[in-house]
Amino acid sequence: MMANKLKKIAVLTSGGDAPGMNAAVRAVVRSAVYNNIECFGVYKGYEGLISDDLVKLNARGVNNIVNKGGTILKSARCLEFKTVEGRLKAKSTLDKYDIDSLVVIGGNGSLTGALLLEEEHGIKTIGIPGTIDNDLVGTRCSLGFDTALNTAVNAIDKIRDTASSHNRLFFIEVMGKGSGHIALNAGIGAGAEEVLIPEQDMGLDRLLDSLKKSEKSGKSSSIIVVSEGEKIGDNVFSFSSHIEKNLPHYEIRVSILGHIQRGGSPSSFDRVLASRMGVYAVDCLISNKSKVMVGIIDDNMVTIPIKDAIKGGQQLDKDLIRVCDIISI
Ligand code: F6P
């Protein structure tokens, strides 16, 4: 493909923050500088584009952040950017700085915004998948997923200690919006008895049967990992009260891991992935590719059109479900 003369690049982080976003910002900035392209950071995601909150970044401006959780650029879920008027304001800010290319690090909603900005205003956009939910199509994993998974597994390990000391049944809710990636992987990694995920309707009766079986087989405590997007009950408390009613001899506790899963220093896997994705995002812009999300498949950097990446339904590995069923007997 013909090399393209880029003017200036901006980078932003948007939506729910994810460990590894800083490492990706650092890689985008340094790769831009390496290629003699000016680079700007946008504060608070699309909000900063609308309100003209940008900072010029050079290689030293992103020192000491590769190991930091959160995002130094801040993040937001910007409602105004969902409107035509909001995107017009964003475009005029970009024009003011003579910026023609934008790297968006975020999840589904954030990449949808990037696509609209390119379609309506011709800004060249590249998406970097940054969400602990791992729900983008076209990449084996998104930034932050590995770290969040490790955080969840560490937390569940701790809960297991107290669960077994008291012979209790714990329902542990993990994040994931509509996707069960964290739940399934954390359930396997932490040795849960059951994993309840939105992709698979287990049904309350099967859950009851399974708990009865576990008890018969000699288990005195149990961990059930529930994805927050699970649809059988209203929420994790409705499961626990259903079980309490039907198996009253169980002593039950509920624990919601919540936002600790979004914080913390990124794992080395996420740091390396973020660095590769950041450099590849700039490579794509230089080679005149846009409207794509970068991803990793079979350890290779790949691109997928943003319109396909945001379709939803990043499939859970069926074999993982089978493994989970087998090892939790
Ligand atoms: O998309 C990441 C995520 O952490 C989801 O798992 C969760 O449903 C949501 O964000 C929570 O968002 P907020 O921090 O805005 O409440």
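Everything below is about the structure printed above this text.
1. Topic: the sheet that holds strand β6 (residues 169–174)
- If you walk across this open sheet you meet the four strands as β7-β8-β6-β9, and the pairing is parallel. Each end of this open sheet is capped by a strand with a single partner; those strands are β7 (194–196) and β9 (252–256). Adjacent strand axes in the sheet meet at a mean angle of 20° when their direction is disregarded.
- Sitting on the sheet, helix α8 (residues 236–246) touches β6, β7, β8 (222–227) and β9, and the angle it makes with β9 is about 170°.

2. Considerations on the site of the ligand
- As a matter of local geometry, the ligand sits amid Arg77, Thr131, Ile132, Asp133, Met175, Gly176, Lys177, Glu228, His259 and Arg262.
- Take Glu228: an N or O atom from its side chain is 2.6 Å from an oxygen atom of the ligand.
- Side-chain polar atom of Arg262 to an oxygen atom of the ligand: 2.8 Å apart, as the coordinates give it.
- When the ligand sits alone it has 400 Å² of accessible area, and the protein chains cover 73% of it.
- When each cavity is represented as a set of grid points, the ligand is found to reside in the largest pocket.
- For the shell around the ligand, the per-class residue count stands at two nonpolar, three polar and five charged.

3. Comments concerning the layout of surface pockets
- Empty space within the largest pocket amounts to approximately 500 Å³.
- Taken together, 28 residues make up the lining of the largest pocket; nearest its centre are Gly15, Arg77, Gly109, Ser110 and Lys177.
- Ranked by residue count, the leading element in the lining of the largest pocket is helix α4 (residues 108–121), at six residues.
- Counted by class, the lining of the largest pocket contains eight nonpolar, eleven polar and nine charged residues.
- Both domains that furnish three or more residues to the lining of the largest pocket are identified here as domain 1 (2–144 + 266–309) and domain 2 (147–262).
- Every residue along the wall of the second largest pocket is listed here: Glu194, Met202, Arg206, Asp209, Ser210, Lys213, Ser214, Ser217, Asp325, Ser328 and Ile329.
- Broken down by element, the residue count for the lining of the second largest pocket peaks at five residues, all from helix α7 (residues 204–216).
- Residue composition of the lining of the second largest pocket, grouped by class: two nonpolar, four polar and five charged.

Procedures and definitions
- Residues numbered from 1 in each chain as written.
- Predicted model: local features only at pLDDT ≥ 70, side-chain atom pairs only at ≥ 80, totals over all residues.
- Heavy atoms only, no water.
- Pairing = 2+ DSSP bridges.
- Helix = DSSP H or I, 4+ residues; strand = E, 2+ residues; numbered from the N terminus.
- Axes fitted to C-alpha atoms, helices over the stretch in contact; angles between N-to-C directions.
- Contact = heavy atoms within 4.5 Å.
- Near = heavy atom within 4 Å.
- Polar contact = N/O pair within 3.5 Å; in protein donor to acceptor, adjacent residues only side chain to side chain.
- Areas by Shrake-Rupley, 256 points an atom, 1.4 Å probe, with all protein chains shown as cover.
- 1 Å grid on protein atoms, 1.4 Å probe; cavity = no way out; pocket = protein on both sides within 12 Å on 5 of 7 lines; lining within 4 Å.
- Sits in = over half its atoms within 2 Å of the grid points.
- Nonpolar A, V, L, I, M, F, W, Y, C, P; charged D, E, K, R; others polar.
- Points joined across faces, edges and corners; volume = space filled by probe spheres on them.
- Domains from an automatic or database assignment.

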